[in-house]
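Fold and contact review
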Amino acid sequence: MTKLDAKIPAGPLSEKWTTHKNNLRLVNPANKKRIDIIVVGTGLAGASAASSLGEMGYNVKVFCYSDTPRRAHSVAAQGGINAAKNYKNDGDSVYRLFYDMIKGGDFRAREANVYRAAEVSNDVIDHYIALGVPFARDYGGYLDNRSFGGVQVSRTFYAKGQTGQQCILGTYSSLLRQVDKGTVVMYPRYDVLDIVKVEGKARGIIARNLVNGELERHSAHAVILATGGYGTVYYLSTLAVNSNASAAWAAYKKGAFFGNPSFVQIHPTSIPVLNEFQSKLTLMSESLRNDGRVWVPKNKGDKRKPVDIPEEERDYYLERRYPAFGNLVPRDVASRAAKERCDAGYGVGDTGLSVYLDFKDAIEKQGKKTIENKYGNLFEMYEKISGENPYETPMRIYPAGHYTMGGLWVDYNLMTTVPGLFSIGESNFSDHGANRLGASSLMQCSGDGYFILPYTISDYLADDIRTGKISSDTPEFIQAEKNTSDKIKRLLSINGNQTPLTFHKKLGKIMWDYCGMVRNEEGLKKAIELIDALKEAFWSDLKVAGKADELNQELEKALRVADFIELAKLMCYDGLNRKESCGAHFREESQTENGEARRQDDAYSFVAAWAYTDDENPPQLHKEELVFENVAVKERSYE
Amino acid sequence: MNIKLKIWRQKNAQSKGKFETYSLNDVSPEMGFLEMLDYLNQELISKGEDPVAIDHDCREGICGSCGLYINGQPHGPEPKTTTCELRMRSFKDGSLITVEPFRSRMFPVIKDLLIDRSAFDKILIAGGFISSNTGTAPEANSIPVCKKKSDKAFDMAACIGCGACVAACKNASAMLFVAAKINQYALLPQGKVEAAERVKKMVAKMDELGFGSCSNTYACEAKCPKGISVSAIAKMNREFLHAKIVAE
Ligand SMILES: Cc1cc2nc3c(=O)[nH]c(=O)nc-3n(C[C@H](O)[C@H](O)[C@H](O)COP(=O)(O)OP(=O)(O)OC[C@H]3O[C@@H](n4cnc5c(N)ncnc54)[C@H](O)[C@@H]3O)c2cc1C
Ligand code: FES
């Protein structure tokens, strides 16, 4: 086990980034033209990085799997984006935002990165406004903020329930502007399947053109992965159904360490599973918990309609267990509490796997109009999906896989352990520790892409001004292409009986049952066995319709599921290794008498960064010790 | 419920394509339309047939990927609903459902129900942005924006780029799509600076690509899943006229 160097600059926390920027090397405008950069992903992270790098004068190639960059899954973010503007004059500051994220992440994130994310948050908002993003305003014409994610200040900027979509339209427009200028070339409908290393450095990718199925080699001086999260490992999640881990997984297999893979946020308020063909769990914004009250019947298996169950026979279990925070406890706490009630047999709905979120009292107190103004679009969305009217009967909700705090390990410069391979946005592990605070992902993705990576990557590229074009005809590229092509051939030649979807569903169930909201040693070990068996079945009984040299969505799925199966096992290893409970990672063996998470700082105050060995042997653990110099490490209590 | 599906099958952009009919039993009314097609695809694969290709991703009405002509209407029968948001309870047991890709000469078919909408990106590349480099922005609250205008700009920005407006229009006009963007920026002080240039460039690109003109049938508004109002088009025409006058 080696110790990892995160390259955190010396000096006081609040001066680290400024000092670091002053010391980073630059690339002059004439030399930038000689440098090629590949960006994979066009979410807030990828599009912001690509457009900024284009503006600076680099040659940028951008890849995404959708038909246009605007469809990246960042569009789905509803709630908002944080910044430390202190527009509400409620005592907010960069330090407080930093502190809330560190505490929210249950003291498992790197101080210096989190502070920097908070520090650039204000620039992000300024930039979005300049790009024409229509965030909500008050009657004086100034920007409005709301409180989000159970923090004590109002620092969340929002655009109705469409904050992600509006931010994306901002980053996408700046990206297209660079396409117009010729600094950025777009490659939509491409799946990036491998990373190519030359002399130890990341120098390109292998991508499959999804329209004609051809494999292409693309070279560059550096590669940036902005490929989002891997929550679809659970099959059902709040993510877009094509979200995948394949590019990140390829990076891992090429030597990039994977940080805290088991840290997954399970969101408490998603619409529950309604039928066996369900392909997606739709999120109901967390903001609903500001006015909705969560309950289940006090009697097991009570089949009455919710409106017929009298007040005294309802168990408002969050208010009961957490009187100080009530319905506004953090996501992980709310999720586990819902699971606890359902497992104990108090769940509602046909499956018994949901709880009520009730607006009756809020409507009585504030009037239907007010509630409609606040949540009208969410209520409409709920009704479209469930066929039930939440003004009249309580919503039914259940937790769903939502956000992966884990991801590629990066140092302070956002570079992975492979030189020249960077990772930004949700695809890296860096800013959210063991649990992400609401509205801080959009902020991190945009900050990474607009205001951090452009500086740090230039320092790396300063060594490459005399390198010249990287050829994609070298043995490394040819070999990587061959490996990918062999893998595709192998998948197509199995000719078994089960479709990729079938395997994905099975994998999802294993992960949800044993590496989901609650974990324990026995379950995780069992999951590893089940995953091994599933992998064997996958490679011997898979059926992929169609051919390699055509548009083939079954093959796309097969490639993704193959990687998810391997990633799932790594997640279990990580969960098994971390015997403490922290944030969203709840190990049954490590809880208090009241069933709350018990962190073990003496033993586990580190980032677990896993290194790939080979397909037969377990991964190797490397530790990045976390040092807290600026905050007092505390128990996270919400009772 | 049991249904019959008449689905457009086309191997690739070059081939001709035709309708095929399939029966599907035990469809649950709770299923989404795309989940019903997932189900069909699993059935087809098990019979050794090629599954139907469809564009989709978020499956919650926000990414704009999905878009099918269902019984002759873009996104099907429900107002303000994308294909992925549509549930099978909108159809009767025993019904025959016709499923085609968005029918428009501007959106060529790539395979089956999957189409090429890159023309939309091309229009936006011509000018659908505010020219502000990273790092140049003034403090966000330094320019107040009247709430009414800002809310209106949001309504215009709600477009998800699905293309239903073009598909609904007998002229294959992209006026609603373009007008929404023009208006969003024209309403905001940040976007005003380039407003005249923007409208000229985007309209010219739209014409060059071969999108048709608007003959006021309002079919676009009726099928827009985000309810963007055709009033945008009249405003864009004014912006355009103004830009021309200023230029001359
Ligand atoms: C329903 C929902 C609501 C949310 N709400 C909020 C919120 O209110 N506030 C908040 O801060 N956060 C929110 N989040 C989290 C936040 O939206 C995401 O973490 C963030 O948008 C991720 O952005 P990204 O740029 O890292 O990746 P994404 O936006 O996911 O983009 C990934 C990109 O990578 C591309 N890609 C992936 N794999 C490949 C491959 N192999 N080859 C080629 N291209 C590939 C995709 O095409 C896409 O362009 C929410 C998340 C969900 C799911
Ligand atoms: S799949 Fe995203 S809008 Fe339908």
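Presented here is a report on the structure given in the accompanying data block. Computed from a predicted model, the values in this text were never measured in an experiment.

Some details on unusual backbone geometry
Residue and element names in this part refer to chain B. A positive phi angle, near 50°, is found at N71, a position not held by glycine. Within the fold, N71 resides in the loop between β3 (68–70) and β4 (73–74). Judged by its relative accessible area of 38%, N71 falls in the partly exposed class. Positive phi outside glycine occurs at K80, with the angle close to 50°. Counting through the fold element by element, K80 comes out in the loop between β4 and β5 (96–101).

Concerning the pattern of salt bridges
Counted by the stated rule, this structure contains 65 salt bridges over all chains. Here D67 of chain A makes a salt bridge to R117 of chain B, at a shortest N to O gap of 3.7 Å. Pair noted here: D67 of chain A is in the loop between β2 (59–63) and β3 (81–82) and R117 of chain B is in the loop between β7 (114–115) and α2 (118–125), and the two residues belong to different chains. Each member of the pair, D67 of chain A as well as R117 of chain B, carries the same accessibility label: buried.

Quick word on helix α16 (residues 553–577) of chain A
Between its first and last C-alpha atoms α16 of chain A spans 36 Å; for 25 residues at 1.5 Å apiece the expected length is 36 Å, and the two agree. Burial analysis of α16 of chain A places 21 of its 25 residues in the buried class, the great majority of the element.

Details of the packing of aromatic side chains
Residues and elements named next belong to chain A. With the rule as written, the count across this model stands at 37 aromatic pairs over all chains. Ring centres 6.0 Å apart and planes at 80° place the aromatic pair F107 and F628 in the edge-to-face group. Pair noted here: F107 is in the loop between α4 (94–104) and α5 (111–130) and F628 is in the segment after β19 (620–625), with a separation of 521 residues, a long-range link. Accessibility classification places F107 together with F628 in one group, the buried group. Above the ring of Y391, the side-chain terminus of K368 is found at 4.7 Å from the ring centroid. Against the face of F503 rests K506, its NZ or CZ located 5.9 Å from the ring centre.

The rules behind each value
- Residues numbered from 1 in each chain as written.
- Chains lettered and ligands numbered in written order.
- Predicted model: local features only at pLDDT ≥ 70, side-chain atom pairs only at ≥ 80, totals over all residues.
- Heavy atoms only, no water.
- Helix = DSSP H or I, 4+ residues; strand = E, 2+ residues; numbered from the N terminus.
- Buried < 20%, exposed > 50% of the residue type's maximum accessible area, 1.4 Å probe, protein only.
- Salt bridge = Lys/Arg side-chain N within 4 Å of Asp/Glu carboxyl O.
- Expected span 1.5 Å × (residues − 1).
- Phe/Tyr/Trp six-rings, centres within 6.5 Å; stacked < 30°, edge-to-face > 60°.
- Lys NZ or Arg CZ within 6 Å of the ring centre and 35° of its normal.

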